[in-house]
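Topology and contacts: notes
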Amino acid sequence: MIATILLSVGIVFLAELGDKSQLMALTFALRYRWWVVLGGIATASAAVHLISVGIGYFLGAALPTRAIALVAALTFLAVGLWTLREHFGSDDAEAEPKPPRSTTAPFFVVLSAFLLAELGDRTMFATAALATDNSWIGVWIGSTVGMVAADALAIAAGIVVGKHLPEHVIGICSGLLFLYFGTASLLAAARPDLGILTGGALATLAPAAAGIALLIRSRRDSARVPNDPAPESDKVL
């Protein structure tokens, strides 16, 4: 059992290094509290890997991976647009004090995003393959620990980066990254023949266009703000 757990931890941990899951974890860590992100990732990982060791190996070919990828892409795009909308709202909204953030909604956002992203992912099938020749409990525990450990590194990186950036910049960067994930997932589902490099390069067009549009809007808003005239009492007679 211990050998199976260690084997699963090592395989999944190495498979997740540099994967989109780590980038997602880093992005969520820029946006939400680290324990909320880690809890959502751990719950999603446990659920996905339980499916993979239970029935994923036998039903893997029947999983609607394209439909799941499309739903995940739309989810990422919606989160990205909503995040950008929050940080480019009206001036009155920025002037009002922000209420304390709830941890419930972010938890379910992270949970649903990782569930959709990992269903049909190569890690799921690798876990199913391990379960065919090893204890499914050991594979489940090890694969979950390996994925959480890999994503915890990305969360730590997000915390370090977040301490050196203002909240406004973090929100914009998070929104643009979500747009990238959504566009990349959408291209991978609609045009799998493009390949990883071509699809990834094309996916950068969406956040780049959104960033340029936001920059133009920000400059226009700055140009429209008139200089405040000095009060009558402060004028020199």
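For clarity, every value in this text was computed on a predicted model and none was experimentally measured.

Procedures and definitions
- Residues numbered from 1 in each chain as written.
- Predicted model: local features only at pLDDT ≥ 70, side-chain atom pairs only at ≥ 80, totals over all residues.
- Heavy atoms only, no water.
- Core = buried A, V, L, I, M, F, W, Y, C linked by side-chain atoms within 4.5 Å.
- Buried < 20%, exposed > 50% of the residue type's maximum accessible area, 1.4 Å probe, protein only.
- Helix = DSSP H or I, 4+ residues; strand = E, 2+ residues; numbered from the N terminus.
- Contact = heavy atoms within 4.5 Å.
- Polar contact = N/O pair within 3.5 Å; in protein donor to acceptor, adjacent residues only side chain to side chain.
- Axes fitted to C-alpha atoms, helices over the stretch in contact; angles between N-to-C directions.
- Parallel < 35°, antiparallel > 145°, perpendicular 65-115°, else oblique.
- Left-handed = near helix turned anticlockwise from the far one by under 90°.
- Nonpolar A, V, L, I, M, F, W, Y, C, P; charged D, E, K, R; others polar.
- Expected span 1.5 Å × (residues − 1).
- Arc of directions from axis to C-beta.

A word on the nonpolar core. If you look at the biggest cluster of nonpolar residues, it comprises 22 residues, and the most contacted ones within it are M24, F28, V37, I41, F76, V110 and F114. At the level of secondary structure, the elements contributing two or more residues to this core comprise α2 (20–31), α3 (34–59), α4 (65–87), α6 (104–118), α8 (136–163) and α9 (167–190). The element contributing the most residues to this core is α6, with five residues. For V37, the contacting residues outside a window of four places in its chain are A25, F28, A29, Y32, V110 and I155. Counting residues in each nonpolar core, the second largest holds seven residues, with L77, L84, I172 and L214 among its members.

Turning our eyes to something else, we now look at the environment of L116. Relative to the elements of secondary structure, L116 occurs in helix α6. Look at L116 and you get partly exposed, because its relative accessible area is 21%. In the structure, L116 is positioned 47 residues away from A69 in sequence and 7.1 Å away in space, judged by C-alpha atoms.

Here we come to the side chain of S143. Structurally, S143 is set in helix α8. Here the side chain of S143 touches H49 through a polar contact of 3.4 Å, side chain to side chain. Leave out the neighbours within four places in its chain, and S143 touches S8, V12, H49 and T127.

As a further point, take the environment of L186. Checked against the element boundaries, L186 lands in helix α9. Judged by its relative accessible area of 32%, L186 is partly exposed. The spatial distance from the C-alpha of L186 to the C-alpha of A69 is 6.9 Å, given a sequence separation of 117 residues. Dropping the residues within four chain positions of it, L186 is found in contact with L70 and A73.

Moving on to the packing of α2 against α8. In contact at an axis separation of 7 Å, α2 and α8 are set at 40° when each is read in the N-to-C sense. In this view, α2 runs oblique relative to α8, as classed from their interaxial angle. α2 and α8 meet at a crossing whose hand is right-handed. Seen from α2, the contacting residues are S21, Q22, A25, L26, A29 and L30; seen from α8, they are M147, A150, D151, L153, A154, I155, A157, G158, V161 and G162. Of the residues that constitute the contact of α2 with α8, the class distribution is 11 nonpolar, four polar and one charged.

This part is about the packing of helix α1 (residues 2–16) against α8. It is at 7 Å that the axes of α1 and α8 come closest, and there the two elements cross at 35°. The two elements α1 and α8 cross, and the hand of that crossing is right-handed. Contact residues: α1 offers T4, I5, S8, V9, V12, F13 and E16, while α8 offers G138, V139, I141, G142, S143, V145, G146, M147, A149, A150, D151 and L153. Classifying every residue of the contact of α1 with α8 by side-chain character gives 11 nonpolar, six polar and two charged.

Counted at 1.5 Å a residue, the expected span for α1 with its 15 residues is 21 Å, and the 21 Å between its end C-alpha atoms agrees. Listed as buried for α1 are T4, S8, V12 and E16. Here the buried residues of α1 occupy an arc of 80° about the axis, which is enough to place them on one side. Counted as exposed and oriented over 90 degrees from the buried face of α1: I2, A3, L6 and L14.

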